[in-house]
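Descriptive structure summary
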Amino acid sequence: MAAPTLQQPSFLLANLKADATTKPLLQRCQDLVKIIDDYPAKELHLIFPWLVESVFGSLDGIIAGWNLRLLHSRSNEYNIVMDFLNPSGPMMKLVYKLQAEEYKYEIPVNYLPGPVKACIQEGVLPDCPLFHNKLQFPLSGLLSLNLALNPFEFFMFNFAFCLITPKVSLPESGLSYSTDSAYFVLVDTYLKYFLPSEGSVPPSPFSDSRGSVTAPSPSVTFAGYGVHSPSLLKHHIFHQPSVNADPAAQEIWRSETLLQMFVEIWLHHYSLDMYQKLQSPQVKEPFTPTEEHVLVVRLLVKHLHAFSNSLKPEQLSSSPSAHSHTHTSPLEEFKRSASSHFSSNILQHKLFHKLYLFLQHCFSHWPLDASFRAVLETWLSYIQPWRYTGEKTNPQPDQNRTVPEKWESFVQENLLMYTKLFQVFLNRAVRTDLVNAKNALMVFRVAKVFAQPNLADMIQKGEQLFLEPEHVLHHRQPRGYLTPSQGGSYLSSRQKVVTDMVFRVKSHVYALEGQDCQYKQMFGTELRGAVMKLIQIIAQARQTAKRISDHSSEVAANTSFLSWFGLGSSDLNNTFSGAEPEESGECLKKTHEFLDRALENLCQIFKLTQGQLTQLISNLGSSQDDGNSKQLPDCIQGETGLILTDLGRRQIMNGLRRFDIQYQGDPELQPIRSYESALLVRLFYRISSLVNDKFGGHMNALCSRPDFLGRLGRRYLTDHDSSTKLKHSPLSRRGLERNRLPRLSLRPLASYRTMLLLLLLYVFGALMSFGPVSSTVVILAGGLLYGLVMTLFGDKLKTH
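Residues numbered from 1 in each chain as written. Predicted model: local features only at pLDDT ≥ 70, side-chain atom pairs only at ≥ 80, totals over all residues. Heavy atoms only, no water.

Another aspect to go through is the nonpolar core. Ranked by internal contacts, the top residues of the largest apolar core, which has 178 residues, are M156, W266, W379, M417 and F450. Filtering out sequence-adjacent residues up to four positions away, W266 remains in contact with A160, L163, I164, Y183, V187, H293, V296, V297, L300 and F358. (Core = buried A, V, L, I, M, F, W, Y, C linked by side-chain atoms within 4.5 Å. Buried < 20%, exposed > 50% of the residue type's maximum accessible area, 1.4 Å probe, protein only. Contact = heavy atoms within 4.5 Å.)

Okay, unusual backbone geometry next. We note that K607 has phi near 55°; this positive angle belongs to a residue other than glycine. Here K607 shows up in the loop between helix 23 (586-605) and helix 24 (610-618). Exposure remark for K607: the relative accessible area of 55% places this residue in the exposed category. Positive phi, normally seen in glycine, also occurs at S769, with a value near 70°. As for its placement among the helices and strands, S769 is situated in the loop between helix 30 (752-767) and helix 31 (772-799). (Helix = DSSP H or I, 4+ residues; strand = E, 2+ residues; numbered from the N terminus.)

Taken as a whole and assessed by the stated rule, the structure comprises 8 cavities of 30 Å³ or more. Empty space within the largest cavity amounts to approximately 90 Å³. If you go around the largest cavity, the residues you meet are L368, D369, F372, F425, R428, A429, T432, L434, N439, M442 and V443. Residue assignment for the lining of the largest cavity shows that the elements contributing at least two residues are helix 18 (415-429) and helix 19 (437-450). When its residues are assigned to classes, the lining of the largest cavity shows 7 nonpolar, 2 polar and 2 charged. (1 Å grid on protein atoms, 1.4 Å probe; cavity = no way out; pocket = protein on both sides within 12 Å on 5 of 7 lines; lining within 4 Å. Points joined across faces, edges and corners; volume = space filled by probe spheres on them. Nonpolar A, V, L, I, M, F, W, Y, C, P; charged D, E, K, R; others polar.)

Helix 27 (residues 708-717) packs onto helix 26 (residues 678-704) with a crossing angle of 125° between their chain directions and a minimal axis gap of 6 Å. With respect to their mutual orientation, helix 26 and helix 27 come out oblique. Seen from helix 26, the contacting residues are M699, L702, C703 and S704; seen from helix 27, they are L709, G710, G713, R714 and L717. (Axes fitted to C-alpha atoms, helices over the stretch in contact; angles between N-to-C directions. Parallel < 35°, antiparallel > 145°, perpendicular 65-115°, else oblique.)

To continue, consider the side chain of T378. With respect to the helices, strands and loops of the structure, T378 is situated in helix 16 (residues 373-382). Residue classification places T378 among the buried residues on the basis of a relative accessible area of 0%. Side-chain polar atoms of T378 contact the backbone oxygen of A374, separated by 2.8 Å. (Polar contact = N/O pair within 3.5 Å; in protein donor to acceptor, adjacent residues only side chain to side chain.)

Turning our eyes to something else, we now look at the sheet that holds strand 3 (residues 146-149). Spatial strand order, 1-3-2: 3 strands in an open sheet with antiparallel pairing. The strands lining the two open edges of the sheet, one partner per strand, are strand 1 (105-108) and strand 2 (135-136). Bridge count for strand 1 against strand 3 is 4 bridges, and the pairing is antiparallel. Residue I107 lies in a different strand from strand 3, and its bridge partner there is L147. Contacts between helix 7 (residues 151-161) and the sheet are confined to strand 1 and strand 3, with strand 1 contributing the most and set at about 35° to the helix. (Pairing = 2+ DSSP bridges.)

For the rest of this paragraph, the subject is the packing of aromatic side chains. Counted by the stated rule, this structure contains 33 aromatic pairs. Aromatic pair F48 and Y105: ring centres 5.0 Å apart, planes at 55°, arrangement tilted. With F48 in helix 3 (residues 41-56) and Y105 in strand 1, this residue pair connects regions lying 57 residues apart in the sequence. Each of the two residues, F48 as well as Y105, counts as buried. Each ring, one from F444 and one from F594, has its centre 5.8 Å from the other, and the planes form 15°; the classification is stacked. (Phe/Tyr/Trp six-rings, centres within 6.5 Å; stacked < 30°, edge-to-face > 60°.)

What is shown is where atoms sit, not what they do.
This is the structure in structure tokens:
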């Protein structure tokens, strides 16, 4: 194909911007494919920043781009976008074409994650090599620092940042994120392409005559986190080395860049100092992740486990000296360094530290609802790398699946991921409504994971290593083992291994929690007490779920056609308050099952016998009979009324006890019930209001009399149950002393039950040859006679 006549770059960019508002997406992508193929890199260089922004949106969120997070496979544009952004598609071809010419693109430092931005602005070298030697200093000073990134870095930065950018141009209501969105699928595709478990990363189709591509050097090492570099802000021009000696080394620089970019942009929003400050409720959160963000992080964690575990056993166990003489690809070396059970450099330094603070923040600040499941599963995915080995083994029940011994070092080096986050989860669980099946499932999931055989023993061994006396470290050499000439004969190899593990466990804990951290043992007395408390709450929730289920079954069994007339149970307060609307039937059965299995797993983890469990449950604040559930929650008497205690709050949350909450307003103004006629309720209210306004004084005088007529008037004109209801409600003393004025109430006549009863009486009167007037007189006389009898003998009947 002949090359087209070159336009001025400004004309090309202007035409593309004009087409963006007039042409459909398919036509625009077809035009871009042709432009990328036909135009030289010099012309494409000027349109690249605009094209990236039009696809992923602007960094400030004003421009939405192609809305990859909202684009699902059901959309007509889905396949167009996926083909264009595929790792082997036109967009990546443009990236490689520009990469070969060593073009640079600027990103303001203000858009970097908080800790990275703070380091750069304070003149401290960031811990991630990705941001080294890339600073551009404008003439205006340090307030507008920029990073100069190569095309691949610039593309991946915008792609990763797209996840956390608040889209201010989109309405927040109605957003629907899921794991089948174009963005989620693209993340998965890029991970599998640039971090493959099998094979290698395809080389770039573009390179210069020397076969080199400008890229970050994979061999450059830095001093570590928080190392100050006084001369950092003195360099105005950075130099980025090129990979020109070994073309095979180009295989992994993109893989490293992708991994570093994802980890930094998605996870590095909290530092140790920032995390410690966040413990104060007065401190405003610097960054709040969304559920979609957490789901993508979980995808990254799962893929990194699969990638690092894909190294073959013979490659993993080969000695470094033998390995150096074999033709091992750079990608295999990368896997070796990332392998969790060989050398956890990548997972520890690039992922673990940042993921720990990320999860710690989510555990402490996430709402107490079912959306926490995304955070929970991300945590459980990280602490179970053995689930992503790709090994084809005979399927076994989860309870019998033993954790292989080779993962013991991973558990010990990631000790806080298991122990500290388990403690934080306990604090959440005791404040969660466990009658809800979704919340009960989360407790069951955690207990199930920690109940895996060998895992609790591995965690205990890790804690023992951390608690080793400090003098053990004084005999440790910085590197390797002691030779006999160095006095190595005085230490056995076993002691050396233990000493090395003690140092590694302690260093990881202190790096994450600080040198002055107060470590709480997972199997210590304090945490064991918290587990006992959770077991009691689980038992309470299980009891409540069963009672609600039984009550729902009884109500369903008693439902009949006459309930439409109000002859069934009309007490709206008979239902328990511990369950959500969907918590009925099958959901409650699931709740009971989840909680039962959670109790079994917790007993297995903390080695509780059935007798201890039975004794623990028997010591609950309330017994298991239904009569006790009708008691008031645990309260103390305050100056203005009853005040709930912590035990009382848990009793209400789990539905074990409740206040007998009744309507305390004007009974005539209660919401119209389903068993009442709305027209008659309103009509009788107007009639009774007129009568009460006109004769209210006379009724009040009548009911104030101490004789028989006064008692009879109070029988018909006052609410006898109001005082009783008020005693069961947590109102102030002023509310308890409130009295209702006598008045006429015709609202009972608007009930379908009353109307049906009157209809039956009139039918019976007709059968007895009574007319309507005669039947009415008989009914009124019967009502008056009933009132006389109850007035004379009501108190005696109550005592008996």
